[in-house]
Amino acid sequence: MKRLLPVATLIAVFFPAVCLASGYVLVNYGIGGKVDEPSLGVELGGIFLSDLHPTGGALSLGLGVSIADTDENPPSTGEPFNTRTKFNDGNEQEIDVTFGAEMIPSFFAVAGVGYASQDTVTIGSDAGQAVEVGSDTDRNATWMLGARYVIEGLNLGLGFHSRRGVMASVGIAF
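These figures come from a predicted structure and were not determined experimentally.

Draft legend 1. Layout of the overall build of the protein. Within the protein, the regular secondary structure consists of 1 helix and 9 strands. The secondary structure elements of the protein, listed N-terminal to C-terminal, are α-β-β-β-β-β-β-β-β-β. Here the protein holds 174 residues, and 39% of them are scored as buried. Contacts in the protein between residues at least 24 apart in sequence constitute 55% of all its contacts with a sequence separation of at least 6. Of the roughly 10000 Å² of accessible surface on the protein, 63% is carried by carbon and sulfur atoms.

Draft legend 2. Geometry of the environment of Gly-146. Relative to the elements of secondary structure, Gly-146 occurs in strand E7 (residues 129-151). Residues within four places of Gly-146 in sequence aside, it is in contact with Phe-108, Ala-109, Val-110, Leu-158 and Gly-159.

Draft legend 3. Spatial organisation of the confidence of the model for the protein. Here the protein averages 87 in pLDDT, and 86% of its residues register 70 or above. By mean pLDDT, the top-scoring element of the protein is strand E8 (residues 154-161) (96), and the lowest-scoring one is helix H1 (residues 4-18) (55).

Draft legend 4. Fine view of the nonpolar core. Counting 9 residues, the largest nonpolar core is built from Tyr-24, Leu-26, Ile-47, Ala-58, Phe-108, Val-110, Met-144, Val-150 and Ala-173. Broken down by secondary-structure element, the contributors of at least two residues to this core are strand E1 (22-31), strand E6 (107-126) and E7. Judged by nonpolar contacts, the second largest core, of 5 residues, contains Phe-81, Phe-87, Val-121 and Ala-130.

Draft legend 5. Representation of unusual backbone geometry. In this structure, Asp-36 is a non-glycine residue whose phi angle is positive, near 55°. You can see Asp-36 is positioned in the loop between E1 and strand E2 (39-49).

Draft legend 6. Representation of the pairing of strand E5 (residues 92-104) within the structure. Bridging between strand E3 (residues 58-68) and E5 involves 10 bridges; their strand directions are antiparallel. The residue bridging Ala-68 from the neighbouring strand is Glu-92, located in E5. Pairing analysis gives 11 bridges linking E5 to E6, with the strands arranged antiparallel. By the bridge assignment, Phe-99 is partnered in E6 with Ala-111. In this structure, the hairpin formed by E5 and E6 is closed by a connection of 2 residues, where Ser-106 is found at a positive phi of approximately 75°.

Draft legend 7. A look at a nonpolar patch on the surface. Together, Leu-61, Val-97, Phe-99, Val-113, Trp-143, Leu-145, Leu-158, Phe-160 and Val-166 make up a nonpolar patch on the protein surface, roughly 840 Å² of accessible area in all. Within the secondary structure layout, Leu-145 lies in strand E7.

Draft legend 8. Looking closely at the side chain of Ser-169. Here Ser-169 is to be found in strand E9 (residues 165-173). Exposure remark for Ser-169: the relative accessible area of 9% places this residue in the buried category. Here Ser-169 is in contact with Leu-26, Val-27, Asn-28, Arg-148, Asn-155, Leu-156 and Gly-157, once residues within four sequence places are set aside.

Definitions and limits used
Residues numbered from 1 in each chain as written. Predicted model: local features only at pLDDT ≥ 70, side-chain atom pairs only at ≥ 80, totals over all residues. Heavy atoms only, no water. Helix = DSSP H or I, 4+ residues; strand = E, 2+ residues; numbered from the N terminus. Buried < 20%, exposed > 50% of the residue type's maximum accessible area, 1.4 Å probe, protein only. Contact = heavy atoms within 4.5 Å. Areas by Shrake-Rupley, 256 points an atom, 1.4 Å probe, with all protein chains shown as cover. pLDDT = per-residue confidence, 0-100. Core = buried A, V, L, I, M, F, W, Y, C linked by side-chain atoms within 4.5 Å. Pairing = 2+ DSSP bridges. Patch = residues over 30% accessible without salt bridge, like charges linked within 9 Å, V, L, I, M, F, W, Y side chains within 5 Å. Salt bridge = Lys/Arg side-chain N within 4 Å of Asp/Glu carboxyl O.

Listed below in structure tokens is the structure:
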């Protein structure tokens, strides 16, 4: 994931320039959904006029990353504990791709797909004390639907994400 961020940044910065497009940077905030914890993310992308658009309007393409605050505090080894429980070990991380099409001037319908992962640890008990039984990684495919209003200098959005819930975004368009 750490290696992917610089590559994604380079693509997001140079992609709009190569396609003679406008760029954008968004900050996303999500709450609710299956994660049921707050999440924060960043999306970089481009908006370009395209012959592929049915009415000759604009299309957008973006790449985003987000982190949901899902970290739980499992009991330490040796603490009193009497059950077998699975805990989230760290935050859930996601990478996604979004695609948008201009419906009316400056108003975009947006859809996205992504991949989220979450490390987990299972704590059991041995003679009434906590013992780590195993660890795993939860992997989830994600999707997002929303709408964005984009004018020069401003990009506002609202949508629904399958794991993050209701997502609001604000950013700059350049």
